[in-house]
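# Fold and contact review
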Amino acid sequence: MDVFYVSVDVGTGSVRAGLFTSDGCMVCTATCSLEMNQSEPHFYEQSSRNVWESTCSVVKEVVSGVKNREQIRGIGFDATCSLVALDGALSPVTVSLSGEDNWNIVVWMDHRAEVQAARINALSHPVLRNVGGKMSLEMQPPKLMWLKEHVYESCWKKARHFMDLPDFLTFKATGSLSRSMCSLVCKWGYQASEENGCYWDDSFWQSIGLQELVSDAYAAIGTDVKTPGQPCGQGLTVTAAEQLGLVAETAVACSMIDAHAGGLGSIGCNVDGDPFLNSLPLRCRLPVICGTSTCHMAISERSLFVPGVWGPYLSAMVPGFYTSEGGQSAAGKLLDHVIETHPAYGEVRDALQSTYVFSVCLVFCS
């Protein structure tokens, strides 16, 4: 009996799912676009309901040709490092100035927390050593500060859970509130090293005015931490299985940030006909992941601190290895801007039916 696996990639503008054989051959794919709300300049918001509904749609499409769903042995998720807010009933809580609970995701590229990030960096806290000395305004601590300071009544006071979008997907699939080491060490200031173990640094959160997270024993941002690929919960819940078109208790892997999932796949590739390159250790390879942003990712067996480079992040991409990252956060978005402001953009867009062909043609013509 053939065995299959489902992979889900939630990007900035769309959700993609793929059906794969046990030896890694892709059988089919499906794509669904995502809603985006831009309520203010530099504010980007999404809906977790829309993300999950779109995820269910593409998964159902790719598995539609598999008559015996018992053949599908597992599903894995990656997504952008966007911030999801939920209340005590695990329902959406607004992150928007509009007050609409539908908009409960602060998208990774949202830049509302510039002032808060500057305040964090002025503290020179030891936690910043793991992010090259400065925390990006795209990371979660400054965004949490912004939510407390600007939407206290409509969001901060009501929210009981904050999580990265990859962790939201495994939660919806399994009911488990576990968090991925990948998300926590890269975007939340979670500390992890072979020398000192894994922990939240109380003094960091207290110093930035989010002492509530400490007094709540970090229940709001995660206490059950897993490395990418570990099993989540008891697999798919009955509800999630029905929504996805799969079988209950199908294995669900601990999630990853989308760039890191791409890095993992790239760093493990072999080059046909080149035994020398294939013999090089993983630490000698440098994946470059391109999407709305670009990211250069390297791994090492030991922690390497480099000013201006994010990391070292233990087990963020390859278990037991430290990941270091660099890149440009809006390189692909800039390309979109150049294309979409071209005088011929509307004419070409209307003339072409296939979104995929449209995108490729514009890139080659630009």
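Residues numbered from 1 in each chain as written. Predicted model: local features only at pLDDT ≥ 70, side-chain atom pairs only at ≥ 80, totals over all residues. Heavy atoms only, no water.

## Some thoughts on the side chain of Glu-45
Put simply, the test is: For helices the rule is a DSSP run of H or I covering at least 4 residues; for strands it is a run of E covering at least 2, with both sets numbered from the N terminus onward. The buried label applies to any residue whose accessible area, calculated with a 1.4 Å probe on protein chains only, is under 20% of its type's maximum; exposed applies above 50%, and partly exposed to all values in between. Polar contact criterion, stated in full: a pair of N or O atoms within 3.5 Å, where within protein one must be able to donate a hydrogen and the other to accept it, and residues adjacent in sequence count only if both atoms are side-chain atoms.
Note that Glu-45 resides in strand E4 (residues 45-46). Classification of Glu-45 as buried rests on a relative accessible area of 0%. Of the polar contacts made by the side chain of Glu-45, one reaches the side chain of Arg-112; its length is 2.9 Å.

## Some words on the packing of helix H1 (residues 48-63) against helix H5 (residues 165-174)
Two quantities define a packed helix pair, namely the angle between the axes and the distance from one axis to the other. What counts here: In this analysis, axes come from line fits to C-alpha atoms, helices being fitted only over the stretch in contact, and the angle between any two N-to-C directions falls in the range 0 to 180 degrees. If you view the pair so one helix is near and one far, a crossing is left-handed when the near helix is turned anticlockwise from the far one by less than a right angle, and right-handed when it is turned clockwise. We call two residues contacting when some pair of their heavy atoms lies within 4.5 Å. By the convention adopted, Pro, Cys, Tyr, Trp, Phe, Met, Ile, Leu, Val and Ala count as nonpolar, Lys, Arg, Asp and Glu as charged, and the other residues, Gly among them, as polar.
At their nearest, the axes of H1 and H5 sit 11 Å apart, and the two run at 60 degrees to each other. The two elements H1 and H5 cross, and the hand of that crossing is right-handed. For the pair H1 and H5, contact is made by Ser-48, Val-51, Trp-52 and Thr-55 and by Leu-165, Phe-168, Leu-169, Lys-172 and Ala-173, respectively. Among the residues forming the contact of H1 with H5, the class breakdown is 6 nonpolar, 2 polar and 1 charged.

## Section: the pairing of strand E17 (residues 310-314)
Going by this rule: Strands are treated as partners if at least two bridges between them are detected by DSSP.
Summarising burial for E17: 4 of the 5 residues are buried, a large majority. Pairing between E17 and strand E18 (residues 322-328): 3 bridges, direction antiparallel. In the sheet register, Leu-314 faces E18, and the bridge partner there is Tyr-322.

## Regarding helix H3 (residues 140-150)
Because each turn of an α-helix spans 3.6 residues, side chains separated by three or four positions end up pointing in the same direction. Along H3, 9 of the 11 residues are buried, which leaves the element largely enclosed by surrounding structure. Among the residues of H3, those classed as buried are Gln-140, Pro-141, Pro-142, Lys-143, Leu-144, Met-145, Trp-146, Leu-147 and Lys-148.

## Comments concerning the sheet that holds strand E16 (residues 294-300)
Overall, antiparallel pairing links the 4 strands, which are arranged E15-E16-E18-E17 in an open sheet. Single-partner strands in this sheet number two, and they are strand E15 (288-290) and E17. Going across the sheet, the axis of each strand differs from the next one's by a mean of 25 degrees, ignoring polarity. In this sheet, E18 lies alongside E16 in antiparallel orientation, the contact comprising 7 bridges. Directly across from Ile-299, in E18, lies its bridge partner Thr-323. Here helix H10 (residues 258-267) sits on the sheet in contact with E15, E16 and E18, set at roughly 60 degrees to E16.

## Some thoughts on the state of the cysteines
The test is simple: In plain terms, two cysteine sulfur atoms within 2.5 Å form what is called a disulfide here.
Considering all chains together, one arrives at 0 disulfides under this definition. Left unpaired, Cys-25 is separated from the closest cysteine sulfur, that of Cys-28, by 13 Å. What makes Cys-25 partly exposed here is its relative accessible area of 44%. We note that Cys-32 lacks a disulfide partner, and the nearest cysteine sulfur, in Cys-56, lies 11 Å from it. Owing to a relative accessible area of 24%, Cys-32 belongs among the partly exposed residues under this scheme.

## A word on the packing of helix H2 (residues 114-123) against H3
Cut-off, in case you're wondering: Oblique is the label for any angle not under 35 degrees, not over 145, and not in the 65 to 115 range, which are roughly parallel, roughly antiparallel and roughly perpendicular in turn.
Packing of H2 against H3 leaves a shortest axis separation of 8 Å and a crossing angle of 120 degrees. In terms of their interaxial angle, H2 and H3 are classed as oblique. By crossing handedness, the relation of H2 to H3 is classed as right-handed. For the pair formed by H2 and H3, the contact residues are Gln-116, Ala-117, Arg-119 and Ile-120 on the first element and Pro-141, Pro-142, Met-145, Trp-146, Glu-149 and His-150 on the second. Along the lines of polarity and charge, the residues of the contact of H2 with H3 split into 6 nonpolar, 2 polar and 2 charged.

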